[in-house]
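# Residue-level structural notes
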Amino acid sequence: CLPNGKTTPTTTIPDSGYAYCANANTVILKDYSFSGGENGVLSNTDLTVILDGANTLDVKNKSESSGNSYLVEHCNAILVRGDLTIGGRTYETDTLTAKSIDGMAIHCTGDLTIESDQITATSEGNTAIYAEGSMQMNNGSVTASAKRDEGSAKMPAIEVTGNVTVSGGILVANGSPNGGT
């Protein structure tokens, strides 16, 4: 996947789908579409996600019943237990639409870095983007929306434990209802 030991992919998958490059801890999504009751992208370590074309991660809750109990797991479109970097290419036509019902669209337990691309993150019932570290946006366009039923507690579209730094690009956050950014 990474020819000649390079740390930045120079080629991607021929048609559509995804590839994981272990030596660079990188996932390449190329015109990839995922819909289901699992986490769309899950990593237990730092990860770079490179977008190529139009990509969609649309996750629902995972539910299981056992006897008299019913378990609902709130799934995330992207869950990284560590630092997450999205982008790396400079094409404005590369997009990611990440949606989650009750889970978060994008969640990382470390720092979040947006290098490029157009990202739309939506959560119905939770925070759209949650970084437990800091958030750095260098380029691209990010629109985050958190939707909740009227009468529910306010929900921030973006929640960051550390600092937020925007050195380039456009960042839009729409919390719900009546605020929360």
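Cut-offs used in this document
- Counting of residues starts from 1 at the beginning of each chain's written sequence and follows it residue by residue.
- Only residues with pLDDT of at least 70 get local features here, since the model is predicted, and only at 80 or more are side-chain atom pairs given and counted; chain-wide, interface and lining totals rely on the full set of residues.
- Neither water nor hydrogens contribute to the side-chain values; these are computed over all heavy atoms in the structure.
- Patch members must show over 30% relative accessible area and no salt bridge, and they are joined within 9 Å when carrying like charges or within 5 Å when they are nonpolar side chains of Val, Leu, Ile, Met, Phe, Trp or Tyr.
- Per-residue accessibility takes into account occlusion by the displayed protein chains alone, with areas from the Shrake-Rupley method and a 1.4 Å probe.
- Criterion for a salt bridge: a side-chain nitrogen of Lys or Arg within 4 Å of a carboxyl oxygen of Asp or Glu.
- Under the scheme used here, helices are H or I runs from DSSP no shorter than 4 residues and strands are E runs no shorter than 2 residues, and both carry numbers assigned from the N terminus.
- Paired strands are those between which DSSP finds at least two bridges.
- Axes here mean lines fitted to C-alpha atoms, for a helix over just the part in contact, with angles spanning 0 to 180 degrees between N-to-C directions.
- Burial status follows relative accessibility: with a 1.4 Å probe on protein chains alone, a residue under 20% of its type maximum counts as buried, one over 50% as exposed, and anything between as partly exposed.
- Only buried residues count toward a nonpolar core, which is a set of Ala, Val, Leu, Ile, Met, Phe, Trp, Tyr and Cys residues joined through side-chain atoms within 4.5 Å.
- Here, residues are in contact when the closest pair of their heavy atoms is within 4.5 Å.

What follows is about a nonpolar patch on the surface. Residues Val164, Val166 and Leu171 make up a contiguous nonpolar surface patch of roughly 220 Å² in combined accessible area. Within the element layout of this structure, Val166 appears in strand β19 (residues 164–166).

A separate point is the sheet that holds strand β16 (residues 135–137). Here we have seven strands laid out as an open sheet, ordered β1-β2-β5-β10-β13-β16-β19, and mixed in their pairing. Pairing within the sheet leaves two strands with one partner each, and these edge strands are β1 (17–21) and β19. Here the average twist between neighbouring strands, direction ignored, is 10°. In this sheet, β19 lies alongside β16 in parallel orientation, the contact comprising three bridges. Counterpart to Gln136 in the pairing with β19 is Thr165.

It is worth spelling out the pairing of strand β17 (residues 141–147) at this point. Pairing analysis gives seven bridges linking strand β14 (residues 118–124) to β17, with the strands arranged parallel. For Thr122, the partnering residue across the bridge sits in β17 and is Ser145. Examined bridge by bridge, β17 and strand β20 (residues 170–174) share five bridges and lie parallel to one another. Within the sheet, the bridge partner assigned to Ser145 lies in β20 and is Asn174.

The final tally for this structure, using the stated rule, is one salt bridge. Here Asp58 ties to Lys60 by a salt bridge, and the two come within 3.2 Å at their closest N and O atoms. A residue is classified by how much of its surface remains accessible, and Lys60, at 34% relative accessible area, is partly exposed.

Turning to the nonpolar core, a few remarks are in order. In summary, soluble globular proteins display a tendency toward joint burial of nonpolar side chains. Leu84, Ile86, Ile106 and Leu112 are the most contacted members of the largest nonpolar core, which totals 37 residues. In this structure Ile86 touches Val49, Leu51, Ile106, Leu112, Thr113, Ile114, Glu115, Ser116 and Ile119, once residues within four positions along its chain are discounted.

Now for the sheet that holds β14. In spatial order, the strands read β3-β6-β11-β14-β17-β20; together these six strands make up an open sheet with parallel pairing. Both edges of this open sheet fall to β3 (33–36) and β20, since each of them pairs with a single strand only. The average undirected angle you get between the axes of adjacent strands in this sheet is 5°. In this structure, strand β6 (residues 54–59) lies alongside strand β11 (residues 95–101), joined through six bridges in parallel fashion. Within β11, the residue paired with Asn55 across the bridge is Leu96.

So, to be careful, I would describe these as geometric facts and stop short of saying anything about function.
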